[in-house]
Amino acid sequence: MRKYLFLLFIFLLLSACGRSAPLPGWQENGYRQLENYKTYFLSGREDSSEPHFLKALQEIAAGNDMNLLSLAYLTKYGLHAAALESFDTADFARLYRQAPIPANMAYCHFLKGNFTAVDPSLLSARYAGVLKAALAKDPVLAARELAAIEDPLSRLIACGVWVRYLPYDEPILQIALSTASDNGWKRPLWAYLDRLQNYYEAKGDTAQAGMIRDRLLLLKKMN
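Note that the structure is a prediction, hence the values are computed from the model and not measured.

Scoring rules and cut-offs
Residues numbered from 1 in each chain as written. Predicted model: local features only at pLDDT ≥ 70, side-chain atom pairs only at ≥ 80, totals over all residues. Heavy atoms only, no water. Helix = DSSP H or I, 4+ residues; strand = E, 2+ residues; numbered from the N terminus. Rg over C-alpha atoms; globule rule 2.2 N^0.38 Å. Buried < 20%, exposed > 50% of the residue type's maximum accessible area, 1.4 Å probe, protein only. Contact = heavy atoms within 4.5 Å. Lys, Arg positive; Asp, Glu negative; His and termini not counted. Charge placed at Lys NZ, Arg CZ, Asp CG, Glu CD. Phe/Tyr/Trp six-rings, centres within 6.5 Å; stacked < 30°, edge-to-face > 60°. Lys NZ or Arg CZ within 6 Å of the ring centre and 35° of its normal. Axes fitted to C-alpha atoms, helices over the stretch in contact; angles between N-to-C directions. Parallel < 35°, antiparallel > 145°, perpendicular 65-115°, else oblique. Left-handed = near helix turned anticlockwise from the far one by under 90°. Salt bridge = Lys/Arg side-chain N within 4 Å of Asp/Glu carboxyl O. Core = buried A, V, L, I, M, F, W, Y, C linked by side-chain atoms within 4.5 Å. pLDDT = per-residue confidence, 0-100. Expected span 1.5 Å × (residues − 1).

## Some details on the overall build of the protein chain
Okay, so step 1: Within the protein chain one finds 12 helices and zero strands.
Okay, so step 2: When its helices and strands are written in sequence order, the protein chain yields α-α-α-α-α-α-α-α-α-α-α-α.
Okay, so step 3: Here the C-alpha atoms of the protein chain give a radius of gyration of 18 Å, agreeing with the 17 Å that 2.2 N^0.38 yields for 223 residues.
Okay, so step 4: By residue count, 46% of the 223 residues in the protein chain fall in the buried class.
Okay, so step 5: Summarising the internal contacts of the protein chain: among those between residues at least 6 apart in sequence, 57% fall at separations of at least 24.
Okay, so step 6: The averaged location of the 22 negative side-chain charges in the protein chain is 1 Å from the averaged location of its 25 positive side-chain charges.

## Points about the side chain of His80
Okay, so step 1: Along the chain, the position of His80 falls in helix 4 (residues 66-82).
Okay, so step 2: Given a relative accessible area of 14%, His80 falls into the buried group.
Okay, so step 3: Among residues more than four places away in sequence, those in contact with His80 are Tyr37, Phe41, Glu85, Ser86, Phe87 and Arg187.

## Thoughts on the packing of aromatic side chains
Okay, so step 1: Under the definition given, this model contains 11 aromatic pairs.
Okay, so step 2: Consider the rings of Tyr37 and Phe53, whose centres lie 5.1 Å apart with planes at 45°: the pair is tilted. Taken together, the residues Tyr37 in helix 2 (residues 25-42) and Phe53 in helix 3 (residues 46-61) connect sequence positions 16 residues apart.
Okay, so step 3: Owing to a relative accessible area of 1%, Phe53 belongs among the buried residues under this scheme.
Okay, so step 4: Both rings, one in Tyr168 and one in Tyr199, keep their centres 6.3 Å apart while their planes meet at 35°; by these two values the pair is tilted. You can see Tyr168 sitting in the loop between helix 9 (152-165) and helix 10 (170-182) and its partner Tyr199 sitting in helix 11 (residues 186-203), a full 31 residues away along the chain.
Okay, so step 5: Over the ring of Phe87 we find Lys112, and its NZ or CZ is 4.8 Å from the ring centre.
Okay, so step 6: Positioned over the ring face of Phe41 is Arg187, at 3.8 Å from the centre of the ring.

## Overview of the packing of helix 3 against helix 4
Okay, so step 1: Two numbers describe how helix 3 lies on helix 4: the axes approach to 9 Å, and their chain directions differ by 165°. In terms of their interaxial angle, helix 3 and helix 4 are classed as roughly antiparallel. As for the relative orientation of helix 3 and helix 4, their crossing is right-handed in sense. Across from Glu50, Phe53, Leu57, Ile60 and Ala61 in helix 3, the residues of helix 4 making contact are Leu68, Leu69, Ala72, Tyr73 and Lys76.

## As for the pattern of salt bridges
Okay, so step 1: The tally for this structure, following the rule as stated, stands at four salt bridges.
Okay, so step 2: Glu50 is paired through a salt bridge with Lys76; the nearest N and O atoms lie 3.1 Å apart. With Glu50 in helix 3 and Lys76 in helix 4, this residue pair connects regions lying 26 residues apart in the sequence.
Okay, so step 3: Relative accessible area serves as the criterion here: at 28%, Glu50 is assigned to the partly exposed category.

## Some thoughts on the nonpolar core
Okay, so step 1: Counting 69 residues, the largest nonpolar core has Tyr107, Phe110, Leu111, Tyr127, Ile157, Trp162 and Tyr192 as the members making the most contacts within it.
Okay, so step 2: Setting aside anything within four residues of it in sequence, one finds Tyr127 in contact with Tyr107, Phe110, Ile149, Ser154, Ile157 and Ala158.

## Regarding helix 7 (residues 128-136)
Okay, so step 1: Every buried residue belonging to helix 7 is among Gly129, Val130, Leu131, Ala133 and Ala134, and all of these are buried.
Okay, so step 2: Next to the buried residues of helix 7 lie helix 6 (102-111), helix 8 (139-148) and helix 9.
Okay, so step 3: Where helix 7 ends, the next residue or the one after it, Lys137, has phi of about 50°, a positive value.

## Re the confidence of the model for the protein chain
Regions with low pLDDT carry predicted coordinates that are not meant to be interpreted in detail.
Okay, so step 1: For the protein chain, the mean per-residue pLDDT works out to 90, and 90% of the residues sit at or above 70.
Okay, so step 2: In this model residues 9-20 is a low-confidence stretch, pLDDT under 50, and it forms 16 contacts with partners more than four residues away in sequence or in other chains.

## Observations regarding helix 10
Okay, so step 1: Between its terminal C-alpha atoms helix 10 stretches 18 Å, which fits the 18 Å expected from 13 residues at 1.5 Å a residue.
Okay, so step 2: For helix 10, the set of buried residues is Ile172, Leu173, Ile175, Ala176, Leu177, Thr179 and Ala180.
Okay, so step 3: Buried residues along helix 10 sit against helix 8, helix 9 and helix 11.

Structure follows, in structure tokens:
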């Protein structure tokens, strides 16, 4: 996700400015603030994350680039999806009316679970297999496709989308947990542990549910 966003920013900036022109400060600063927002968000420091997002918006708005502003909001929505959190797309909708780029809307539909509205040709190739599994509502295929996504944040975003909108099983939750754990992303880690506890409780496995509940309490106590 980080590499994708960075490359997309660079492509758009070079297209607009020409290869010999230096990148304007607002563009570099906007990307840097988004990266800071991502880091603080995933680490669970919500109070520290939001100011960076607002600064990113301010920097990008100075350049009057509606597409980059749209991408900033899609980045935010993707992070919320990765942490199993709801989000309101009203701000993106307003920006889309200013810059109606179909690929942006395809990604927004994917994040909101509107799978039948997604044009597969416009969605990032990394999510193609997950979209196919979603349309078939096939959790076994989904687990394989999720595990095959190389970028960890993109993998976690796809996991979040699946868990929020489609039937899931333990392998999907374990993929998400491993991804969050390996990268030290506390906010989504806690969210998936809570979901795994609920999963075991729904299955009647009180022993496993109790183990996960105790683990989550221990982790929060050490926070």
